[in-house]
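Reading the structure
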Amino acid sequence: MSAIRQFWRTGPRRDPNTIAYIVLIVCGALLPAFLQVFLSGTSTFWLTVFGDMGVYILLAIGLNVVVGLAGLLDLGYAAFFAIGAYTYAMLASEHGVVTPLHQAIHVPFWIVLLVAMFVAASFGVILGAPTLRLRGDYLAIVTLGFGEIVPRVFKNAAVWTSGANGVSALDIPSLPAWIQGPWSGDPFAIVQDFKILAPLAYYVIMFILLILCVILVRNLHRSRLGRAWMAVREDEVAAAAMGVNTVATKLYAFAIGAAFSGFAGTYYAAKLSLVSPENFGFSVSITILVMVVLGGMGNIPGVITGSIVIYSVIFILLPQLPDYATGLVQSVGLSGLTQSSGDYPGIGEFISRLKFLVFGLILVVTMLLRPQGLLPSRQREQELTKGVHEDTTIVDVTAETA
Amino acid sequence: MPASRGREPADVVLRVDHVTKRFGGLVAVDDVSFDVRRGEIFALIGPNGAGKTTLFNGITGIFPPTSGSVVFQEREITGAKPHQVAALGIARTFQNIRLFEYMSALDNVRLGQHCRMHAKLWDSLFKTPAERREEQEVTERAMELLKFVDIERYTHTYARNLPYGSQRRLEIARALATRPSLLLLDEPAAGFTPQEKVELMGLVHKIVENGITIFLIEHDMRVVMGVCDRIVVLDHGEKIAEGTPEQVRSDQRVIEAYLGKQH
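Because the structure is predicted, anything quoted here is derived from the model rather than measured. (Residues numbered from 1 in each chain as written. Chains lettered and ligands numbered in written order. Predicted model: local features only at pLDDT ≥ 70, side-chain atom pairs only at ≥ 80, totals over all residues.)

**Overview of the overall build of chain B**
Within chain B, the regular secondary structure consists of 10 helices and 10 strands. Taken along the three principal axes of its C-alpha coordinates, chain B extends 65 × 40 × 40 Å. Here chain B, with 263 residues, has 49% of them falling under the buried criterion. (Helix = DSSP H or I, 4+ residues; strand = E, 2+ residues; numbered from the N terminus. Buried ≥ 20, exposed ≤ 12 C-beta atoms within 10 Å, placed from the backbone.)

Okay, structure coming up:
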């Protein structure tokens, strides 16, 4: 009984994050079945969409380490994403033949995943070591520059990367073993050397990888390093005087954030089987940053929720908005509006041109209504409500282990 | 075991040797030398702008001195980084409290133990048994320290929501968490009522009894007279007197420079 009472007192009711995690995991696990049942005709399409969403969630979780936990504004995060993707393109395709190496390289996906994390983290350190002494705005500008340089290098180093054409026909990742069953339309069996091709397989693997990543980042957040990040974010001088090596602490944040981005990049490249410098522009960096800020900087479930919302708006809602508008106008009997006349291009095209205005409006309104983010961390919430809740106590995160 | 008082002058914890700090044309600290001995309560006093905090910043590596040297336990620490100084065993508090406002009191003290912890990235990522054990120990020690400075009722409160006096005490607990052998307190009693000052001095004695040398800056001369073993007086960046409270109190230059206007 007391255990139940204890759970009720310290459990979900006190900690909205627990509820958020449960909801996210249940929804994520049930989504394929849901799509199968309710949208069977287009379920493959939707699984692809949600699989891609996972890449952005991964990116947002990584950027959250840099921006949310360590408080370093990184405007060039997509650079590490590009580095991860190109690492896979170079190490796992026939492309090597047309480079000065004249030799195709086919390293297995899972090994490249680790290599890409390492490569991206190294670039994070190379960029961070000279620049992390800079504060706030200056660091943001330097990372912005880095974010611009990296895709340009991939574009211009055409001998190695085929320039603007990108690298295509990348290797299909495979798993040593996989369970097949009725859910993918096959008889029940354990297959060996399974090629990851079906959107369902990508989705499931992404889902598992995401859970792993969340656990790791959560561990970090509640560790010696996580505390040091928070301290450096709040007061660098005090942190240093208390024995925290601030430069190393920030470098760790940068490198770990970059490793996540490299990881996501490899996954993205493998799934798309194509990399092109166009995919890693400034808008990608900004989109991820928006996900982190709008979701709730520093809080992992918040950041995941933010990514889901922003991804859905950009990649699902906005592209369909013109069709929705056309349908709506027709259903209320104003089909005249769908015709173009003079400067007016018809409702569909008209809305299509307004897409990013709508997106901007959604962002502005959300941030006005919930400046702390959708699911904020308690810390951030406090910072924004300075002086409002004077006596707030917080739940001890180690109470469960004590 | 209480640290013995009045040891031989040879037992020097901190030697400040001809330290000068210039900011452009301004000489904030001018050729100051003194020794802090093990186990004593040593005070640095002087009027506003005398260079007391600048000297603290010079010792702790926040603004390294322009010339001269600082030797801590026979190690040269001039120009060392603040985190290195902390790891060697010098902890400090700040004149204008610098707590991590949006971390709980407990987390502030746990952070203080950062440089005494061994968990590597790998341990933190995978919550290895060693890491869990260390976190447990760090938490227990943090609770002890909060109790030691008598603010354990605020364990889970954000630092910024603590009452003023408790914030000063939390800063001391956080500094003690780094396991220092020398504790620098920058005006620990600033803004305190006489009653609070008495309580704070009690705490200072408790810390010294644990074998930690105290080096404090104080603005109010009456406070230091009662508790300190030796005092250095700074005025306009220069050392004008050094000695026991009695010696300093009767020093003509101190009376002129520091107390002059009262007479």
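The structure having been displayed, the exposition proceeds.
**Details of the pairing of strand β4 (residues 67-72) of chain B**
Residue and element names in this part refer to chain B. The pairing of strand β1 (residues 12-23) with β4 spans five bridges and is antiparallel. Within β4, the position partnered with V16 by the bridge is V70. Across two bridges, β4 lies against strand β5 (residues 75-76) in antiparallel orientation. Residue pairing in the sheet places V71 in a bridge with E76 of β5. Adjacent in sequence and paired antiparallel, β4 and β5 are bridged by two residues, among which Q73 carries a positive phi angle near 45°. (Pairing = 2+ DSSP bridges.)

**Observations concerning the interface of chain B and chain A**
On the chain A side, the residues contacting the 39 residues of chain B number 33 residues. Broken down by secondary-structure element, the contributors of at least two residues to the side of chain B that touches chain A are α2 (82-88), α3 (105-112), α4 (121-126) and α5 (129-148) of chain B. When the residues that make up the side of chain B that touches chain A are grouped by side-chain class, the tally is 17 nonpolar, 12 polar and 10 charged. (Contact = placed C-beta atoms within 7 Å. Nonpolar A, V, L, I, M, F, W, Y, C, P; charged D, E, K, R; others polar.)

**Focus on the sheet that holds β4(B)**
Residues and elements named next belong to chain B. Ordered in space as β2-β1-β4-β5, the four strands form an open sheet in which the pairing is antiparallel. Every other strand in the sheet has two partners, leaving β2 (26-37) and β5 as the edge strands with one partner each. The sheet contacts of helix α1 (residues 52-59) involve β1, β2 and β4, and relative to β2 the element is tilted by about 65°. (Axes fitted to C-alpha atoms, helices over the stretch in contact; angles between N-to-C directions.)

**So, unusual backbone geometry**
The backbone of A:S162 sits at a positive phi, close to 60°, despite the residue not being glycine. Secondary-structure assignment places A:S162 in the loop between α7 (158-161) and β3 (167-168). Here A:S162 falls in the buried class, since 20 other C-beta atoms lie within 10 Å of it. One non-glycine residue, B:H18, lies in positive phi territory at about 50°. Mapped onto the fold, B:H18 is located in strand β1.

**Overview of the environment of A:V125**
Residue and element names in this part refer to chain A. Within the element layout of this structure, V125 appears in helix α5 (residues 109-131). On the basis of neighbour count, V125 is assigned to the partly exposed category, with 15 C-beta atoms found within 10 Å. Residues V125 and L251, spaced 126 residues apart in sequence, show a C-alpha to C-alpha distance of 6.1 Å. In contact with V125, other than residues within four places in its own chain, are L251 and A255.

**Re the sheet that holds strand β9 (residues 230-235) of chain B**
Residues and elements named next belong to chain B. Taken in spatial order, the six strands of this open sheet run β6-β7-β8-β3-β9-β10, and their pairing is mixed. Whereas interior strands pair on both sides, the edge strands pair on one side only; in this sheet they are β6 (90-92) and β10 (238-243). Ignoring strand direction, the axes of neighbouring strands in this sheet form an average angle of 20°. Judged from the five bridges that link them, strand β7 (residues 182-186) and strand β8 (residues 213-218) form a sheet pairing that is parallel. Note on β8: the bridge partner recorded for D186 is I217. Across the sheet, α1 is in contact with β3 (41-45), β6, β7, β8 and β9; its angle to β7 comes to roughly 150°.

**Observations concerning the packing of helix α2 (residues 16-38) of chain A against helix α3 (residues 43-69) of chain A**
All names here are of chain A. Between α2 and α3, whose axes approach to 9 Å, the crossing angle comes to 155°. Overall, the two elements α2 and α3 adopt an arrangement that is roughly antiparallel. Seen from above, α2 lies across α3 with right-handed handedness. Of the residues in α3, those in contact with L31, P32, L35 and Q36 of α2 are S43, W46, L47 and F50. Looking at the contact of α2 with α3 residue by residue, the classes come out as six nonpolar, two polar and no charged. (Parallel < 35°, antiparallel > 145°, perpendicular 65-115°, else oblique. Left-handed = near helix turned anticlockwise from the far one by under 90°.)

**Notes on α5(B)**
All names here are of chain B. Under the 1.5 Å per step criterion, the end-to-end length of α5 is 28 Å for 20 residues, consistent within 8% with the ideal 28 Å. Within α5 the residues assigned to the buried category are E131, E135, V138, T139, A142, L145 and L146. When α5 is viewed along its axis, its buried side chains cluster within an angular range of 125° and face the same direction. Residues of α5 that are exposed and point more than 90 degrees away from the buried face comprise P129, A130, R133, E137 and E140. Each element contacted by the buried residues of α5 is listed here: α3, α4 and α6 (164-177). Note on α5: the residue one or two positions beyond its end, D150, has a positive phi of about 65°. (Expected span 1.5 Å × (residues − 1). Arc of directions from axis to C-beta.)

**Some thoughts on the confidence of the model for chain A**
When pLDDT is averaged across chain A, the result is 86; 91% of the residues are at 70 or more. Below pLDDT 50 for its whole length, residues 387-402 of chain A participates in 23 contacts with residues either more than four positions away or in separate chains. (pLDDT = per-residue confidence, 0-100.)

**What to know about the environment of B:Q167**
Residue and element names in this part refer to chain B. Residue position: Q167 is located in helix α6. With 16 residues separating them in the primary sequence, Q167 and I151 have C-alpha atoms 9.1 Å apart. Setting aside residues no more than four positions away along its own chain, Q167 makes contact with I97, L99, A159 and L162.

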